[in-house]
Amino acid sequence: MMTQEQNDELTRVGPGTPMGEVLRHYWYPVCFERELDEFPVKKVRLLGEDFAAFKTPDGQYGIVAEKCPHRGASMVYGIVEEGGLRCGYHGWKFDHDGNCTEILAEPDSSPQFRSNVCTKAGKAQALGGMVWAWIGEGEAPYLPRYEAYVMEGVRDVGHSMLPCNWLQIMENAVDPYHVEALHGNYFAFIAEWKGFEMPSAFKNKHVKVGFDPFEHGIIKRRQLVGQTEEDDDWKIGHPLVFPYKMWVGGNGVFQMQIRVPVDDTHTWMLFYTVHAPEGAEPVDQMYPVDYEYEWIDDKGNFIVDYIEGQDIMAWVTQGEIADRTVENITKSDVGVIAMRRMYRDQIEAVREGRDPIAVTRHEHDVIELPLERFKFGRGAEFATQWIDRGSMKYSPQADDLKKLHIQAWANREGEPETKIAPGQ
Ligand code: FES
Ligand SMILES: [Fe+2]
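Residues numbered from 1 in each chain as written. Chains lettered and ligands numbered in written order. Predicted model: local features only at pLDDT ≥ 70, side-chain atom pairs only at ≥ 80, totals over all residues.

Novice: Explanation requested: the overall build of the protein in the structure shown.
Specialist: Of regular secondary structure, the protein possesses twelve helices and 18 strands. Against the 2.2 N^0.38 benchmark of 22 Å for 424 residues, the protein shows a C-alpha radius of gyration of 23 Å, consistent with a compact globule. The buried share of the protein, taken over its 424 residues, is 42%. In the protein, 64% of the contacts between residues at least 6 apart in sequence involve partners at least 24 apart. (Helix = DSSP H or I, 4+ residues; strand = E, 2+ residues; numbered from the N terminus. Rg over C-alpha atoms; globule rule 2.2 N^0.38 Å. Buried ≥ 20, exposed ≤ 12 C-beta atoms within 10 Å, placed from the backbone. Contact = placed C-beta atoms within 7 Å.)

Novice: Sorry, what's going on with unusual backbone geometry here?
Specialist: Phi is mostly negative for residues that are not glycine, and the peptide bonds are mostly trans. In this structure, Pro243 follows Phe242 across a cis peptide bond, with omega equal to 0 degrees. On the secondary structure map, Pro243 appears in the loop between β14 (238-241) and β15 (245-250). The phi torsion at Leu47 lies on the positive side, around 50 degrees, for a residue other than glycine. Residue position: Leu47 is located in the loop between β2 (41-46) and β3 (49-55). A positive phi angle is found at Ala358, which is not glycine, with a value near 65 degrees. For Ala358, the position within the fold is in the loop between α10 (334-351) and α11 (381-388). Looking at Ala358, the number of C-beta atoms within 10 Å reads 20, which means it is buried.

Novice: Can you help me understand the nonpolar core in this one?
Specialist: One recurring pattern in soluble globular proteins: nonpolar side chains tend to sit buried together. Ranked by internal contacts, the top residues of the largest apolar core, which has 89 residues, are Leu46, Ala53, Val131, Ala133 and Leu240. For this core, the two domains that each supply at least three residues are domain 1 (24-134) and domain 2 (147-411). Not counting chain neighbours up to four residues away, the residues in contact with Leu240 comprise Met170, Ala173, Val174, Gly217, Ile218, Lys220, Met246 and Met339. (Core = buried A, V, L, I, M, F, W, Y, C linked by C-beta atoms within 7 Å. Domains from an automatic or database assignment.)

Novice: Whenever I open this one, the sheet that holds strand β7 (residues 92-94) confuses me. Can you help?
Specialist: Across a sheet, paired strands are connected by hydrogen bonds in the backbone, their directions being either parallel or antiparallel. Reading across from one edge, β5-β6-β7-β8 is the order of the four strands in this open sheet, with antiparallel pairing throughout. The open sheet has two edge strands, β5 (79-81) and β8 (100-103), and neither has a second partner. Direction aside, neighbouring strands of the sheet carry axes that sit 25 degrees apart on average. As judged from the three bridges shared by β5 and strand β6 (residues 84-86), these two strands associate in the antiparallel manner. Residue pairing in the sheet places Val80 in a bridge with Leu85 of β6. (Pairing = 2+ DSSP bridges. Axes fitted to C-alpha atoms, helices over the stretch in contact; angles between N-to-C directions.)

Novice: Explain the domain arrangement of the protein here, please?
Specialist: Size of an interface, as often reported, equals the accessible area lost when the parts are brought together. As assigned here, the protein comprises domain 1 (24-134) and domain 2 (147-411). Computed from C-alpha coordinates alone, the two centres of domain 1 and domain 2 are separated by 33 Å. If you list the elements that add at least two residues to the side of domain 1 that touches domain 2, you get β1 (28-32), α3 (33-38) and β2. No other element matches β1, which puts three residues into the side of domain 1 that touches domain 2. Here the residues of the side of domain 1 that touches domain 2 are counted per class, giving seven nonpolar, four polar and three charged. (Nonpolar A, V, L, I, M, F, W, Y, C, P; charged D, E, K, R; others polar.)

Novice: What is the right way to look at the packing of helix α7 (residues 177-194) against helix α9 (residues 307-317) in this model?
Specialist: When two helices pack together, their arrangement is given by the angle between the helix axes and the distance between those axes. The N-to-C vectors of α7 and α9 enclose an angle of 105 degrees; their axes lie 10 Å apart at closest approach. On the basis of their axis angle, the class for α7 and α9 is roughly perpendicular. Facing α7, whose interface residues are Leu182, His183, Tyr186 and Phe187, α9 presents Ile307, Gln310 and Ala314. The residue inventory of the contact of α7 with α9, partitioned by class, reads five nonpolar, two polar and no charged. (Parallel < 35°, antiparallel > 145°, perpendicular 65-115°, else oblique.)

Novice: Sorry if this is basic, but what is going on with the pairing of strand β9 (residues 123-127) here?
Specialist: Here is the key point about a regular strand: its side chains alternate between the two faces of the sheet. Here β9 runs beside strand β10 (residues 130-134); their pairing, made up of five bridges, is antiparallel. If you follow Ala126 over to β10, its bridge partner there is Val131. What sits between the antiparallel neighbours β9 and β10 is a turn of two residues, in which Gly128 has the positive phi angle 60 degrees.

So, in structure tokens, the structure goes:
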């Protein structure tokens, strides 16, 4: 149980809040590269602040505060030009660093006046089909090139805006017991009443779980009934990637689950999936396929007949910001406890003027993270079941993805006979 103050400290993301200061050390996806190619300015909201993200004709990305420092009109209705964004209202122009470089009605305005009217600017860059932004203070770290964003494969990104705080979603990433309860018992209950067949993997009980802090977050490991410590689920596991992601997958599916803290009560939840089974034919993709998955029906009920829909029900029904002053934490919440400790430690690090973990200050080609190859000890139909009973069922390319896995499976000679399904 926590005090209200402790809960606020861990959850609030606005400027000047303890966690907000930690979170401003990282880069976040704010939109798709495709969107700024279709129209070069877009309103985005991040960590409780509003911005205009843009792409100038020279191909550079930028992000500035939405409000123009002149008289407050929205820069989202600005004009992109070589070297910056010009406010639509009176034509003040700002470069990628937020400097005012020109005032349309005052061509001979003094540089001194202009230097006093700069706007807040972050940094923006494209990677893996997404546009990423950093809105912190001081020197921007390198945008971390996690394997998901640079690896070969077919990209598929389901996303939706969820009306809840980001932290309760992150707590779910270190909560392995919910898999057998929510995706096992509850899934079976729904499947029986709604008359469909559920993937059978989730009924397996956990023998033990482990959480190991490492330089990018926490590695989550599990041993299920029927497995040994030699199985990938225990030997390798998969990580919560500090502070707002989880890397999950296996059997040719690689997924970064991205929880962008948009403000205190909204999280942009993306399932950034790369399909790269061994033996797959290469596929040309200009952009990742992006689409919104559904999680609530037209009567306002949660859609709980697929894995992530069940998770979303749990996250959102905890409340806009989960009230941790009335919770009853117990032994099996050991991962949640470890995670909260890590966030508190990083708040402390930032107070002392240090970088929190997983801030990348060195140039690099790729950052690889541990990930089970054979998740839940399962084989190749893992992928097709995940597509059928996961958020990917909403993908416009769902059938092609299944074919890709089935074909790759057929191409791999001597693949051992395989068993069941996915989870997280
Ligand atoms: S409000 Fe932007 S230039 Fe006047
Ligand atoms: Fe889950």
